[in-house]
Amino acid sequence: MNHEYICIECKKEFEPDFFKLKCEESEYSCFDIRYFKNNSHFPVLPSPLNIETLGEGNTPVVRFKDKFPVLGDLMFKLEYFSPTGSFKDRGTSLLLSKAKEAGVKEFVEDSSGNAGASMSAYAKNLGMKCHIFVPEQTPLNKKNQVKIFGGELHNISGPRQNSTDAAKEFCRKTGIPYVSHNYNPYFIEGMKSFAYEIYDEFKEKITDIVIPVGNGSLLIGAYKGFHELKGLGLLRKIPKLHCIQMEDFSPIYQKINNFDWKFNSSSKTLAGGIAVTDPPRINQVIECINASRGESEIVSEEKTLSWHRKIANWGILSEITCAAALAGVEKLINRKVLGKNSNVLVPITGSGLKDLSNVKF
Ligand SMILES: [Zn+2]
């Protein structure tokens, strides 16, 4: 084994244990993976590893420089080209490869939809049974994705957090392991390929990446990937990783700014993928934003929906969640964080086919 677990809070080291998700009974004590020595090449991945793939990653990048003349460049990385139509497949591939190695035959997961669909597909291919807990209001197509891949769907009423609580309770009652993409650190290791691909294609050209953030797995994974490339002497500067959240679902933005914030449980958003109020890796996300010298911003529902429509006019059908990142780009331009010297990349995190039924025509 080439790695160990390290607690993201107390920084204590542990022997890797696939089923151990936290160092103590605090919501904020997840593990991160730390490698014993810098490998001389990338990807840096946990060994042993027999990667189970369905063709995730290697997503295309499209330039939209002309649409935003105030920026140096603007590019979309089309993450919906992955097998289940979202970026989650990068993490799932690695997480369930490790699950197989750990002998998992059946597991529990909770998700706003994309991760559940992704986990169901990879689980089915590996002959595992999965129970996916989703909020009742999850778009029908995401739920149907879970079903067609044979995942057992549990609809949970109320905000996203209720699905997490219900999944944990189900695990306690049944003894079925909780293979959570938010808690288990191997998921994030799979996300690093996002950074590797950007480096492969653009070397140091990209200066800013604007990411819609719920639990933050893509932002953390991107930071780790770039940080490793820097450690290998391949990259001098890590792109600024900017975090975009919805106004009413903004725990990370609020904490970075030291605002006193409490979630209003009557709040609603169509950006379901980032409707997260209590991300277990909140401090790790903030460390990554700060270490990359990125900014954090919040955007309104109205602006998000208008951007969803606007990029459709460019031929890009994104899930609504991701349009928040474009509203974020606009705000960061107004704040002069982004400008002529910025070469900006936005991951289009999921396919618009997943939640097209929520769009009003
Ligand atoms: Zn700890």
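You'll find the structure just up there.
Per chain, residues are indexed from 1 in the order of the written sequence. In keeping with the model being predicted, local features are shown solely for residues with a pLDDT of at least 70 and side-chain atom pairs are shown and tallied solely at 80 or more, while totals for entire chains, interfaces and linings include all residues. For the side-chain quantities, the full set of heavy atoms in the structure was used; hydrogens and water were omitted.

**Student:** Mind showing me how you'd approach the packing of helix H7 (residues 217-231) against helix H9 (residues 282-291) here?
**Tutor:** Relative placement of two packed helices is described by the angle separating their axes and the distance separating the axes. Note on method: axes are straight lines fitted to C-alpha atoms, helices fitted across the in-contact stretch only, with angles between N-to-C directions ranging 0 to 180 degrees. The secondary structure listing takes helices from DSSP runs of H or I that are at least 4 residues long and strands from runs of E that are at least 2 residues long, numbered from the N terminus. Packing of H7 against H9 brings their axes to within 9 Å, and their N-to-C directions diverge by 50°. In terms of orientation, H7 and H9 fall into the oblique class. As H7 runs across H9, the sense of the crossing is left-handed. Each of Leu219, Ile220 and Tyr223 in H7 lies in contact with H9, whose residues at this interface are Gln284, Val285, Cys288, Ile289 and Ala291. Only Asp, Glu, Lys and Arg are considered charged in this grouping, and only Ala, Val, Leu, Ile, Met, Phe, Trp, Tyr, Cys and Pro are considered nonpolar; every other residue, Gly among them, is considered polar. Here the residues of the contact of H7 with H9 are counted per class, giving 7 nonpolar, 1 polar and no charged. Any angle that falls under 35 degrees is termed roughly parallel, while one over 145 is termed roughly antiparallel, one within 65 to 115 roughly perpendicular, and all others oblique. By definition, any crossing whose near helix is turned counterclockwise from its far helix by less than a right angle is left-handed, and any crossing with a clockwise turn is right-handed. Contact criterion: two residues are considered in contact whenever any of their non-hydrogen atoms come within 4.5 Å of each other.

**Student:** What's the story with the sheet that holds strand S9 (residues 208-212) in this structure? I'm lost.
**Tutor:** Backbone-to-backbone hydrogen bonds pair the strands of a sheet. The strands run either parallel or antiparallel. Only when DSSP finds a minimum of two bridges between them are two strands counted as paired. Taking strand neighbours across the sheet as the criterion, the 6 strands line up as S4-S5-S12-S9-S10-S11 in an open arrangement whose pairing is mixed. Lying at the two open borders of the sheet, with one neighbouring strand each, are strand S4 (61-63) and strand S11 (296-299). Taking each pair of neighbouring strands and ignoring which way they run, the sheet shows an average axis angle of 25°. Where S9 and strand S12 (residues 343-348) come together, 2 bridges link them in parallel fashion. Of the residues in S12, the one forming a bridge with Asp208 is Val344.

**Student:** Before we go on, may I ask you to explain the coordination of the zinc ion in this structure?
**Tutor:** Ideal geometry at a metal centre gives angles of 109.5 degrees when four donors are arranged tetrahedrally and 90 or 180 degrees when six donors are arranged octahedrally. Donor atoms: N, O and S within 2.8 Å of the metal, or within 3.2 Å for Na, K and Ca. Because water is excluded, sites can look incomplete. For the zinc ion, the full set of protein donor atoms is Cys7 (SG), Cys10 (SG) and Cys23 (SG), at a range of 2.1 to 2.3 Å. Sequence spacing among the residues donating to the zinc ion works out to C-x2-C-x12-C. In this pair, Cys10 is assigned in the loop between strand S1 (3-7) and strand S2 (13-14) and Cys23 in the loop between S2 and strand S3 (31-35), connecting sequence segments 13 residues apart. To sort residues, take the accessible area from a 1.4 Å probe on protein chains only and compare it with the maximum for the residue type: under 20% means buried, over 50% means exposed, and anything in between is partly exposed. Cys23 sits in the buried class, given a relative accessible area of 15%.

**Student:** What's the story with the state of the cysteines in this structure? I'm lost.
**Tutor:** Simply put, the disulfide is a covalent bond whose two ends are the sulfur atoms of two cysteines. Cysteine sulfur atoms that pair up within 2.5 Å are treated as a disulfide. Inspection of every chain in the model, using the stated rule, returns 0 disulfides. Between Cys130, a free cysteine, and Cys171, which holds the nearest cysteine sulfur, the sulfur-to-sulfur gap is 12 Å. Looking at the unpaired Cys288, the closest cysteine sulfur is the one in Cys243, lying at 11 Å.

**Student:** Honestly, the layout of surface pockets in this entry has me stumped. Any pointers?
**Tutor:** Over the atoms rolls a probe the size of a water molecule, and in doing so it shows where empty space is left. In this analysis, the protein atoms alone were mapped onto a 1 Å grid. Cavities are point sets where a 1.4 Å probe fits without being able to get out; pockets are open sets with protein on both sides within 12 Å along at least five of seven lines; lining residues have an atom within 4 Å of a point. Grid points are joined across faces, edges and corners, and a volume is the space filled by probe spheres set on the points. Here the largest pocket is characterised by a volume of approximately 560 Å³. In terms of lining residues, the largest pocket is bounded by 23 residues, among which Asp32, Ile33, Arg34, Lys224 and His227 are the most central. Counting only elements with at least two residues in the lining of the largest pocket, the list comes to S1, S3, H7 and H9. No other element matches H7, which puts 6 residues into the lining of the largest pocket. By residue class, the composition of the lining of the largest pocket is 11 nonpolar, 5 polar and 7 charged.

**Student:** Help me understand the environment of Ile320 in this model?
**Tutor:** With respect to the secondary-structure elements, Ile320 resides in helix H11 (residues 320-334). Overall, the relative accessible area of 1% leaves Ile320 in the buried class. As a C-alpha pair, Ile320 and Thr138 span 182 residues in sequence and 12 Å in three-dimensional space. Excluding anything up to four places from it in sequence, Ile320 contacts Leu270, Ala271, Thr304, Leu305, His308, Asp355, Asn358 and Val359.

**Student:** What should I look at first to understand helix H10 (residues 301-312) in this one?
**Tutor:** An α-helix turns once per 3.6 residues; consequently, residues spaced three or four apart project the same way. Here a helix's expected span is defined as the number of its residues, less one, multiplied by 1.5 Å. Across its 12 residues, H10 extends 17 Å between first and last C-alpha, which sits within 8% of the 16 Å expected from 1.5 Å per residue. Each element contacted by the buried residues of H10 is listed here: strand S5 (73-78), strand S10 (240-246), S11 and H11.

**Student:** What is the right way to read the packing of aromatic side chains from this model?
**Tutor:** For any two aromatic rings, the description comes down to two numbers: the centre-to-centre distance and the angle of the planes. Pairing of aromatic side chains requires ring centres within 6.5 Å, counting the rings of Phe and Tyr and the six-membered ring of Trp. Pairs whose planes differ by under 30 degrees are stacked, by over 60 edge-to-face, and all others tilted. Taken as a whole, this structure holds 17 aromatic pairs when the rule is applied. Aromatic side chains Phe18 and Tyr186 sit 6.3 Å apart centroid to centroid with 15° between the ring planes, which places their arrangement in the stacked category. Remark: Tyr186 occurs in helix H5 (residues 185-191) and Phe18 occurs in the loop between S2 and S3; sequence separation between them is 168 residues. Assigned by exposure class, Phe18 and Tyr186 land together as buried. Every member of this aromatic cluster is reached through a ring pair, and the members are Tyr5, Phe14, Phe18, Phe19, Phe31 and Tyr186. A cation sits over an aromatic face here: Lys203 above Tyr199, 4.7 Å from the ring centre. If you follow Lys310 out to its NZ or CZ, it ends over the ring of Trp307, 4.2 Å from the centre. A ring has a charge above it when a Lys NZ or an Arg CZ is no more than 6 Å from the ring centre and no more than 35 degrees off the ring normal.

**Student:** Would you take a moment to explain the pattern of salt bridges for this structure?
**Tutor:** Two side chains bearing opposite charge may form a pair once their charged atoms approach each other closely. Whenever a carboxyl oxygen of Asp or Glu lies within 4 Å of a side-chain nitrogen of Lys or Arg, that contact is scored as a salt bridge. Here the structure, examined in full by the defined rule, presents 23 salt bridges. Linking Lys98 and Glu101 is a salt bridge whose minimum nitrogen-to-oxygen distance equals 3.2 Å. With Lys98 and Glu101 both in helix H1 (residues 88-101) and 3 residues apart, the pair spans about one turn of that helix. A salt bridge links Asp110 to Arg160; its shortest N-O distance comes to 2.9 Å. Of this pair, Asp110 sits in strand S6 (residues 106-110) while Arg160 is found in helix H4 (residues 160-174), placing the two residues 50 residues apart along the sequence. Looking at Asp110, the relative accessible area reads 1%, which means it is buried. Ionic contacts of the salt-bridge type, sharing partners, join the residues Asp32, Glu189, Lys192, Lys224 and Glu228 into one network.

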